[in-house]
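Next come the chains, spelled out residue by residue.
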Amino acid sequence: MTNEQLNTALYEKMFAEQEAYREWLLGQTPEEILNHTYEYTVREDILMSLEYHDLPDTQAGAMLKSPSPLADVFKDWEDKETGYMEDIWQTVEDRAKTEAQKQQKKEQKER
């Protein structure tokens, strides 16, 4: 198999895994679906990353041997420390500053 074929096969396997997860999820109660929205979204992001990047042959081949490579990657992601919450907080602060500046300008115009 070429590198492109290996990566395509891996993507297809992980896509099928996500589709099975989606089907399972749609059979759950609304509350249970909400409990799994983060997982579903991250798994979608993992798939998207595979659309834009290729793994070397040995790594793609090794991933293909896993019965659930998407779940494996998600599990690793869950255990990782990221700056996600810091980025969220920074965005909240930036928006608050922008809104405060708008309010200040509005009040100055009204005087």
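The structure displayed is predicted, hence computed values, not measured ones.

What counts as what
- Residues numbered from 1 in each chain as written.
- Predicted model: local features only at pLDDT ≥ 70, side-chain atom pairs only at ≥ 80, totals over all residues.
- Heavy atoms only, no water.
- Helix = DSSP H or I, 4+ residues; strand = E, 2+ residues; numbered from the N terminus.
- Rg over C-alpha atoms; globule rule 2.2 N^0.38 Å.
- Core = buried A, V, L, I, M, F, W, Y, C linked by side-chain atoms within 4.5 Å.
- Buried < 20%, exposed > 50% of the residue type's maximum accessible area, 1.4 Å probe, protein only.
- Contact = heavy atoms within 4.5 Å.
- Expected span 1.5 Å × (residues − 1).
- Arc of directions from axis to C-beta.
- Axes fitted to C-alpha atoms, helices over the stretch in contact; angles between N-to-C directions.
- Parallel < 35°, antiparallel > 145°, perpendicular 65-115°, else oblique.
- Left-handed = near helix turned anticlockwise from the far one by under 90°.
- Nonpolar A, V, L, I, M, F, W, Y, C, P; charged D, E, K, R; others polar.
- Phe/Tyr/Trp six-rings, centres within 6.5 Å; stacked < 30°, edge-to-face > 60°.
- Lys NZ or Arg CZ within 6 Å of the ring centre and 35° of its normal.
- pLDDT = per-residue confidence, 0-100.
- Salt bridge = Lys/Arg side-chain N within 4 Å of Asp/Glu carboxyl O.

**Digging into the overall build of the chain**
And step 1. Helices and strands together make up the secondary structure of the chain, namely 6 helices and 0 strands.
And step 2. In the chain, the succession of α and β elements from N to C terminus is α-α-α-α-α-α.
And step 3. For 111 residues, the compact-globule estimate of 2.2 N^0.38 gives 13 Å, and the C-alpha radius of gyration of the chain, at 21 Å, exceeds that figure by more than 25%.
And step 4. When its C-alpha atoms are laid out on the principal axes, the chain stretches across 70 × 35 × 20 Å.

**A word on the nonpolar core**
And step 1. Core analysis: the largest hydrophobic core is formed by 8 residues, namely Leu10, Met14, Val42, Ile46, Leu47, Leu50, Leu70 and Phe74.
And step 2. For this core, the elements supplying multiple residues, two or more each, are helix H1 (3-26), helix H3 (37-52) and helix H5 (69-78).
And step 3. Broken down by element, the residue count for this core peaks at 4 residues, all from H3.
And step 4. Ignoring anything within four residues of it in the chain, the contact list for Leu10 reads Leu50, Leu55, Ala60, Met63, Leu64 and Pro69.

**Let's talk about H3**
And step 1. Between its first and last C-alpha, H3 extends 23 Å over 16 residues, near the 22 Å set by a 1.5 Å rise per residue.
And step 2. Among the residues of H3, Glu39, Val42, Arg43, Ile46, Leu47 and Leu50 are the ones counted as buried. An end-on view of H3 places all buried positions within 145 degrees of arc, on one side of the element.
And step 3. Packed against the buried residues of H3 are H1 and H5.

**Details of the packing of H3 against H5**
And step 1. Where H3 contacts H5, the axes come no closer than 10 Å and their chain directions differ by 110 degrees. On the basis of their axis angle, the class for H3 and H5 is roughly perpendicular. The two elements H3 and H5 cross, and the hand of that crossing is right-handed. Each of Tyr38, Glu39, Val42, Arg43 and Ile46 in H3 lies in contact with H5, whose residues at this interface are Leu70, Ala71, Val73, Phe74 and Trp77.
And step 2. In the contact of H3 with H5, the residues fall into 8 nonpolar, no polar and 2 charged.

**Topic: the packing of aromatic side chains**
One pair of aromatic rings is described through two measures. These are the centre distance and the angle between the planes.
And step 1. The final tally for this structure, using the stated rule, is 3 aromatic pairs.
And step 2. If you follow Arg43 out to its NZ or CZ, it ends over the ring of Tyr21, 4.1 Å from the centre.

**Here's the deal with the confidence of the model for the chain**
And step 1. Taken residue by residue, the chain gives an average pLDDT of 96. The fraction at 70 or more is 100%.
And step 2. For the chain, helix H6 (residues 84-110) is the element with the lowest average pLDDT, namely 94, and helix H2 (residues 30-35) is the one with the highest, namely 98.

**Examining the pattern of salt bridges**
And step 1. All chains considered together, the criterion is met by 5 salt bridges.
And step 2. In this structure, Arg95 and Glu99 form a salt bridge, with 2.7 Å as the shortest nitrogen-oxygen distance. Here Arg95 and its partner Glu99 are both found in helix H6, 4 residues apart, which amounts to about one turn of the helix.
And step 3. When the shortest N-O distance is used, the salt bridge between Lys102 and Glu99 registers 3.4 Å. With Lys102 and Glu99 both in helix H6, this residue pair falls 3 residues apart, about one helical turn.
And step 4. Residue Lys102 is classed as partly exposed on the basis of its relative accessible area of 47%.
And step 5. Glu99 sits in the partly exposed class, given a relative accessible area of 37%.
And step 6. Linked by salt bridges that have partners in common, Arg95, Glu99 and Lys102 make up one network.

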